[in-house]
Amino acid sequence: MQPLGTGIGWRPEIAEAVERMPGIDWVEAVAENVCPGHIPDSLQRLRARGVTVIPHGVSLGLGGAERPDEARLTALAERAEALTAPLVTEHIAFVRAGGPLTATPRLEAGHLLPVPRTRDALNVLCENIRIAQAALPVPLAVENIAALISWPGEEMTEGQFLYDLVDRTGVRLLIDVANLHTNHVNRGEDPAKALDELPVEAIAYVHVAGGFERDGVWHDSHAHPVPPAVLDILADLASRVRPPGVLLERDENFPEPAELERELAAIRETVEQAPKANAQPSGVRAETSGVQDGGAPQDNAEDTEAPRQGLALAQTALLSALVAGTPTPEGFDRSRLAVQARALAAKRADVVAKVAPELPEILAGTYRTHFLAYATDHPMTDGYRHDALAFAEHLLLHGRLEDADVQRQLSDWWLERSGPAPLSRRPAARLARATRRVLLRR
């Protein structure tokens, strides 16, 4: 794989600015926001200029207890092919829990949550990554995530966990230096030690992003300038191995293009001024990753059924505490879980406002209050669009909307968008749906 150079996260809000920015060698687009048959014009123009576009997935949940969903893998593969990407990336995280393994309702986090660094969790993750690698037409790289919480009883550091993951699967790494900083503040983990233990030659590229600290907790917001501490970690990494690519992430609160260009310049300067690295990036640990004679990684897979069951129960208990208000699982910090729960609810409100912008317009200043109250005892069980419809329906049936005009607008919005969904074959479900629609029309 050729070096990527310097890039920026492509977002619709800054698409035109990105096209005009000098020195942009490549961009990364959120995979779930790209339709293979309708690639945004901006991305097509960038590709025509020779700018590489890499799809970055956020919903696969490779660290979850269940095996990767075939439909999600197919969708990710389609986006890689549509963009002629040299690789695809995802996260070492779980994003949902419950379901058949626990015989409980499925819960969606709407966010990336950390995987316990245990041998059982590593066995499950390795098998999930092998499944993904086999389904994708290009190499896969996986990203370390930021975390507000720590699992009790962990058996490995982050560096050891990632080293073993690469060693057993040959997967590439997307190292987010901002996430290393986040875990330093929130979990007391030394970024330098993590870099000491990492298989740095397996790095495909690097993320750099900003955040903010509140009450001793670092929030990886992607909505603030990159702090000096993150650039320091980038410099440390670049002194060990020259990264094939470095990318600036920004998802919210977009500044003027000139400010983004200054951040990109600082990132380039940090990498260029780092002491010359002794190692050279290969993208894959060919000599120690279990790859023999250029073949596939050795299959060190064990029977993962029992580990999957245990991981499913643990992740479901944690996610239920975060989004459904159930008791804090044993060994977790109750106050830190409360911070994470508030962060999840806030992000959920923000994303619903993006996918259904009419709701904040209709509800005006009361949107956030209504949504956060709704979220406390209505965990997300599907995607954000479904969540928006369920929230509106709840307000109409059980909320206290005193303004008749707001009630009418919200009812019209819900009725317009809830009709085309396939009807259930169960008579009780069909009757409940018909009853709701009659009540809402009233």
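Residues numbered from 1 in each chain as written. Predicted model: local features only at pLDDT ≥ 70, side-chain atom pairs only at ≥ 80, totals over all residues. Heavy atoms only, no water.

(A) Summary view of the pattern of salt bridges. Here the structure, examined in full by the defined rule, presents 23 salt bridges. Between arginine 117 and glutamate 189 there is a salt bridge; the shortest N-O distance is 2.8 Å. Of this pair, arginine 117 sits in the loop between β6 (104-113) and α4 (119-135) while glutamate 189 sits in the loop between α6 (177-187) and α7 (191-197), and the two are 72 residues apart along the sequence. One exposure class covers both arginine 117 and glutamate 189, and it is buried. With a shortest N-O distance of 2.8 Å, aspartate 350 and arginine 368 are connected by a salt bridge. Of the two residues, aspartate 350 sits in helix α11 (residues 334-355) while arginine 368 sits in helix α13 (residues 367-375), which places them 18 residues apart along the sequence. By relative accessible area, aspartate 350 is classed as partly exposed at 32%. Bridged by salt links that share partners, the residues Arg117, Glu154, Glu158, Arg187 and Glu189 form one connected network. (Salt bridge = Lys/Arg side-chain N within 4 Å of Asp/Glu carboxyl O. Helix = DSSP H or I, 4+ residues; strand = E, 2+ residues; numbered from the N terminus. Buried < 20%, exposed > 50% of the residue type's maximum accessible area, 1.4 Å probe, protein only.)

(B) Structural detail: the side chain of glutamate 263. By the element assignment, glutamate 263 lies in helix α9 (residues 257-273). A relative accessible area of 9% places glutamate 263 in the buried class. Looking at glutamate 263, its side chain comes within polar contact range of the main-chain nitrogen of valine 226, at 2.6 Å. Among all residues touching glutamate 263, those that are not within four sequence positions of it are Pro225, Val226, Leu248 and Arg250. (Polar contact = N/O pair within 3.5 Å; in protein donor to acceptor, adjacent residues only side chain to side chain. Contact = heavy atoms within 4.5 Å.)

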